[in-house]
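Observations on the three-dimensional arrangement
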Amino acid sequence: MSGSFRRLWAVATKETVQLRRDRLTFGMIVGLPILLIMLFGYAINFDVRGLHTAVLDAAGSSMSRELMAQLEATQVVTVVAYPRGDLELAQLMRSGEVTVGIVIPEDFERRLQSTSRPVVQILVDGSQPTLSNVVERLATVPILMRHGVDANRLQVRRISVQTLFNPERRTAVQVVPALIGVILSMTMVIFTAGAIVREREHGNLELLITTPLGRSELMIGKLLPYVAIGLLQTTLVLVVGSLLFDVPVIGSLFAFYVAALMFIAATLAMGLFVSTLAQTQFQSFQLAYITILPSILLSGFMFPFDGMPKFAQGIAQFLPLTHFNVMVRGILLRGAALVDLWVPAVKLTAFFIVMMIVAVMRFKKRLD
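Let me begin by describing the structure that accompanies this report. In this text, all values refer to a predicted model and were calculated from it rather than measured experimentally.

The next thing to look at is the overall build of the protein chain. Check the secondary structure of the protein chain and you find 15 helices and 5 strands. The burial tally for the protein chain puts 46% of its 368 residues in the buried class. Counting every atom, the protein chain has about 18,300 Å² of accessible surface; 66% of that belongs to carbon and sulfur.

Bringing the packing of helix α11 (residues 253-277) against helix α14 (residues 320-332) into the picture now. The geometry of a pair of packed helices is captured by two quantities: the angle between their axes and the separation between those axes. Following both chains from N to C, one finds α11 and α14 inclined at 170°, their axes separated by 10 Å at the closest point. When the axis of α11 is compared with that of α14, the two are roughly antiparallel. Two secondary-structure elements touch here, α11 through Ala 255, Phe 256, Ala 259, Ala 260, Phe 263, Ala 266 and Met 270 and α14 through Pro 320, Leu 321, Phe 324, Met 327, Val 328, Ile 331 and Leu 332. A breakdown of the residues in the contact of α11 with α14 according to their chemical character gives 14 nonpolar, no polar and no charged.

Its place among the elements puts Thr 99 in the loop between α4 (86-95) and β3 (100-104). Among the residues examined, Thr 99 registers a relative accessible area of 8% and is labelled buried. Dropping the residues within four chain positions of it, Thr 99 is found in contact with Leu 51, His 52, Met 93, Leu 123, Val 124, Asp 125, Gln 128, Leu 131 and Asp 306.

Take helix α7 (residues 171-193) next. Over its 23 residues, α7 runs 32 Å from end to end, which matches the ideal 33 Å to within 8%, given 1.5 Å per residue. Along α7, the helix axis deviates most sharply at Leu 179, where the bend reaches about 30°.

So, about α4. When α4 is considered as a whole, its buried residues turn out to be Leu 89, Leu 92, Met 93 and Ser 95. The secondary structure elements touched by the buried residues of α4 are β1 (51-57), β2 (77-81), β3, β4 (120-125), β5 (159-164) and α14. Count one or two residues on from α4 and you reach Gly 96, which has phi positive near 85°.

Next up on the list: the pairing of β1. For β1, a buried count of 5 out of 7 residues is recorded, marking the element as mostly surrounded by other parts of the structure. Examined bridge by bridge, β1 and β2 share 4 bridges and lie parallel to one another. Note that in β2 the partner of Thr 53 across the bridge is Val 79. Handedness of the crossover is the feature at issue here: the chain leaves β1, passes through helix α3 (residues 62-73), returns alongside β2, and the resulting connection is right-handed.

Within the largest apolar cluster, 53 residues are counted, with the highest numbers of intra-cluster contacts made by Met 219, Phe 256, Leu 268, Phe 324 and Met 356. When contributions to this core are tallied by element, the ones reaching two or more residues are α7, α10 (215-245), α11, α12 (281-298), α14 and α15 (342-362). Tallying contributions element by element places α11 first for this core, with 12 residues. In this structure, Leu 67, Val 77, Val 124 and Ile 159 belong to the second largest nonpolar core, which totals 27 residues.

Turning to the sheet that holds β1, a few remarks are in order. The 5 strands are arranged β2-β1-β3-β4-β5 in an open sheet whose pairing can be described as mixed. The open sheet has two free edges, formed respectively by β2 and β5, since each of these has just one partner strand. Looking at each pair of strands side by side, their axes are set apart by 30° on average, direction ignored. α3 contacts β1, β2, β3, β4 and β5 of the sheet and is inclined by roughly 155° relative to β3. Those strands touched by helix α6 (residues 131-138) are β1, β2, β3, β4 and β5, and its axis lies near 160° from that of β4.

So, about the packing of aromatic side chains. With the rule as written, the count across this model stands at 3 aromatic pairs. Ring geometry for Phe 191 and Tyr 226: centres 5.9 Å apart, planes at 35°, overall tilted. Of the two residues, Phe 191 sits in helix α7 while Tyr 226 sits in helix α10, which places them 35 residues apart along the sequence. Classification of Tyr 226 as buried rests on a relative accessible area of 16%. Look at Phe 263 and Phe 324: their rings are 4.5 Å apart centre to centre, the planes differ by 15°, and that puts the pair in the stacked class. In this pair, Phe 263 is assigned in helix α11 and Phe 324 in helix α14, connecting sequence segments 61 residues apart. Residue Phe 263 is classed as buried on the basis of its relative accessible area of 0%.

Another aspect to go through is a nonpolar patch on the surface. A surface patch of nonpolar side chains, amounting to about 400 Å² of accessible area, comprises Met 186, Ile 190, Phe 191, Ile 229 and Phe 285. A per-element tally of the nonpolar patch places α7 first, with 3 residues. Summarising the element assignment, Met 186 is placed in helix α7. Classification of Met 186 by relative accessible area gives partly exposed; the value is 39%.

All right, on to the layout of surface pockets then. Its boundaries defined by the atoms lining it, the largest pocket holds a volume of some 610 Å³. Along the wall of the largest pocket there are 27 residues; nearest its centre are Ser 95, Gly 96, Glu 97, Phe 305 and Val 326. For the lining of the largest pocket, the secondary structure elements donating two or more residues are β1, α14 and α15. Among the elements that line the lining of the largest pocket, the one with the most residues is α14, at 5 residues.

So, how was this worked out
- Residues numbered from 1 in each chain as written.
- Predicted model: local features only at pLDDT ≥ 70, side-chain atom pairs only at ≥ 80, totals over all residues.
- Heavy atoms only, no water.
- Helix = DSSP H or I, 4+ residues; strand = E, 2+ residues; numbered from the N terminus.
- Buried < 20%, exposed > 50% of the residue type's maximum accessible area, 1.4 Å probe, protein only.
- Areas by Shrake-Rupley, 256 points an atom, 1.4 Å probe, with all protein chains shown as cover.
- Axes fitted to C-alpha atoms, helices over the stretch in contact; angles between N-to-C directions.
- Parallel < 35°, antiparallel > 145°, perpendicular 65-115°, else oblique.
- Contact = heavy atoms within 4.5 Å.
- Nonpolar A, V, L, I, M, F, W, Y, C, P; charged D, E, K, R; others polar.
- Expected span 1.5 Å × (residues − 1).
- Bend = angle between axes of the 7 residues up to and from the residue.
- Pairing = 2+ DSSP bridges.
- Right-handed = clockwise from strand over helix to strand, strands pointing away.
- Core = buried A, V, L, I, M, F, W, Y, C linked by side-chain atoms within 4.5 Å.
- Phe/Tyr/Trp six-rings, centres within 6.5 Å; stacked < 30°, edge-to-face > 60°.
- Patch = residues over 30% accessible without salt bridge, like charges linked within 9 Å, V, L, I, M, F, W, Y side chains within 5 Å.
- Salt bridge = Lys/Arg side-chain N within 4 Å of Asp/Glu carboxyl O.
- 1 Å grid on protein atoms, 1.4 Å probe; cavity = no way out; pocket = protein on both sides within 12 Å on 5 of 7 lines; lining within 4 Å.
- Points joined across faces, edges and corners; volume = space filled by probe spheres on them.

Take it as geometry only, folks, not as evidence of what the structure does.
Quick look at the structure:
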């Protein structure tokens, strides 16, 4: 019995020494729980506040400004734009710059004296998860006015809510377009994260070193097959989502595939960068997992982006999925053009360029 215990102890000691020598795995033992608790703590927030809002105040009176002060006091909305007309407001919502639009009509004060007509209309972007429910709660705020208006006559439901881009409020319409990015993130990063390590473990790196290929040529050449795979997966998800879940395609398919191609390139570049950090395929999978989970939680895929703290939103700006979600929802659900989405497009392009430069600089055509 004692001999069996000594053998078990010897194996356990050997495994402990190996874990201690594997700095990446040893770091994940402590780092992963901390990372997960921070991600879930910041990302999962159903008490959404600070929704980017545009106010079209056609009344322009002291009473309309008093109403907006009451709505902003709830901290649910944060006014970031004052469009001059319906077209400008529609453009702001189509491009995703604002998720809520508040329209105060010209006869606002006259409507306050009535008991039947809504005094203000709130437009909400239905392509974003849970936003409609948040704004519905905002619409229950009692409107209390001074200036001689009888507060008892002002009913709670005097604020009407209209959901744009997804009037039926179907969850599938919100989730499926963003799911394209999640699937691509999982497959593209994992496929390419082990690219360099796999060549080294299989002995193919020696052959590549002897070729006249430059570092950038080798890196880009390894990406090209996965670009085709990514476009195939994009098409599959889009077709299945349209057939099974009736997800609309309002915008241009050309614009959609351009956005998908930009995102695929960015995620592949991130996977190549990860592959230059790892020494084994197991380490490459670990690193890929670390990059995928924050993307899913902080990109606005499942939870409203505006509901996260500013610190988490800042981290999300360095994740390609954050910007692809804006583009894919904007194109497919809101009918936005590429020119309307130039900001996330520039960010995706910059991410790809930076990741490729870093990956090429870190890759050395030698075995050590």
